[in-house]
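Observations on the three-dimensional arrangement
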Amino acid sequence: MVEVKITLKDYDSHKPTWCPGCGDYAVLLALKKALVNLQIPPHEVVVVSGIGCSGKISDYVKSYGYHGIHGRVLPTATAVKIANPKLTVIGAGGDGDGYAIGGNHFLHVMRRNPNITYIVMNNMIYALTKGQTSPTSLKGFKSGTSPFGSVEGNIEPLYIALSMGAPFVARGFAGDPKRLTEILTEAIKFKGFAFVDIYSPCVTFNRFNTYDWFKERVEYIDTQGPLPTRMEALNAISQTWERDKLPLGIVYKEEGLPTYEELILKGEDAVPAKDDIFSDLWKEKIKHLIQENFV
Ligand SMILES: Cc1ncc(C[n+]2csc(CCOP(=O)(O)OP(=O)(O)O)c2C)c(N)n1
Ligand code: SF4
């Protein structure tokens, strides 16, 4: 049998309408390269995206895609994975989409551990709506919604992911596309919920957190030695911020945890249910669903 090699061209869609210089271009290319590295054919990929400049990414990858509503990437992506676990499911959106309106889903997806990859294009601003303060905007950041400087502290999504039990936690930078491609390749290959926050500068509405600003501050904290424990990873991130630096890299990885779809589709309870009758009925129902859909 002749093996068909997947190339970047197979993932080419129409031309993005992002502003020239937007960090999201590098994220798009790194994502396509990662899929090519893993030789995943486009018809086995679904990109589920939110609303924002970043959300347009599902239109620019020639795979299956779902450009959904604001903040709802994760429940939709989880549902796609449960409906067909054979698919490679990528969720993608902005820091506003994922950490503000979608913040609740971000917390709960990590309790479930579906085998999906979640990419957040973090430009520290709401860009599509022309530049408002977001959950990752730094204290003092001036924007249309905080003209005298934001009085709120920023969130650090890596802390949240680590404390909610995410098994793969990473951050990339659009200004380092080579490492970004390596991180995304690892994330997509990983079995379980793989979370990748990516600093992706908005060159139009965020004139403070520019490429140069990030370049002066980013620091890979995963370069030496074996991967740390969850507590060590939290410590390393905290120490990096204390030095006014921004942590990058695959900061935590824990293999071998059961995924949400495995538990659900096998009809297994993570903790045995007390009410066995209900549990058996549920298992029958799931068996039926599997037979109807997959057998
Ligand atoms: C329910 C709802 N609320 C508000 C909006 C308006 N809105 C569209 S995009 C957006 C924020 C975009 O910021 P972000 O998610 O960070 O993405 P970016 O544009 O920066 O890539 C908002 C508030 C909306 N579309 N739907
Ligand atoms: S407004 Fe900002 S985030 Fe949106 S496309 Fe332009 S540079 Fe990118």
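This write-up is about the structure you can find in this document.

1. Regarding the site of ligand 1
Around ligand 1 sit 18 residues, and of these Gly52, Ser54, Gly94, Gly96 and Ala127 come closest. For the shell around ligand 1, the elements supplying multiple residues, two or more each, are strand E3 (88–94) and helix H3 (95–101). Counting residues per element, the shell around ligand 1 draws most heavily on H3, which supplies three residues. Here the shell around ligand 1 is composed, by residue class, of seven nonpolar, nine polar and two charged.

2. Observations regarding the site of ligand 2
Taken together, the neighbourhood of ligand 2 is formed by Trp18, Cys19, Cys22, Asp24, Cys53, Asn123, Ala127, Cys202, Val203, Thr204 and Phe205. For the shell around ligand 2, the per-class residue count stands at eight nonpolar, two polar and one charged.

3. Side note on the nonpolar core
Ranked by size, the top nonpolar core spans 61 residues in total, and within it Val169, Phe195 and Ile198 carry the most contacts. Per element, the largest residue contribution to this core is seven residues, and it comes from helix H1 (residues 24–37). Membership of the second largest hydrophobic core comes to eight residues, among which are Trp18, Cys22, Met124 and Ile125.

4. A closer look at the sheet that holds strand E6 (residues 194–199)
If you walk across this open sheet you meet the eight strands as E2-E1-E3-E4-E6-E5-E8-E7, and the pairing is mixed. Each edge of the open sheet is held by one strand with a lone partner, namely strand E2 (64–67) and strand E7 (218–220). This sheet shows a mean twist of 20 degrees between the axes of neighbouring strands, independent of strand direction. Pairing of strand E1 (residues 45–49) with E3, which is carried by five bridges, proceeds in the parallel orientation. Bridge pairing in E3 places Val45 opposite Thr88.

Cut-offs applied
Residues numbered from 1 in each chain as written. Chains lettered and ligands numbered in written order. Predicted model: local features only at pLDDT ≥ 70, side-chain atom pairs only at ≥ 80, totals over all residues. Near = placed C-beta within 6 Å. Helix = DSSP H or I, 4+ residues; strand = E, 2+ residues; numbered from the N terminus. Nonpolar A, V, L, I, M, F, W, Y, C, P; charged D, E, K, R; others polar. Core = buried A, V, L, I, M, F, W, Y, C linked by C-beta atoms within 7 Å. Buried ≥ 20, exposed ≤ 12 C-beta atoms within 10 Å, placed from the backbone. Pairing = 2+ DSSP bridges. Axes fitted to C-alpha atoms, helices over the stretch in contact; angles between N-to-C directions.

So yeah, pure geometry; function would need other evidence.
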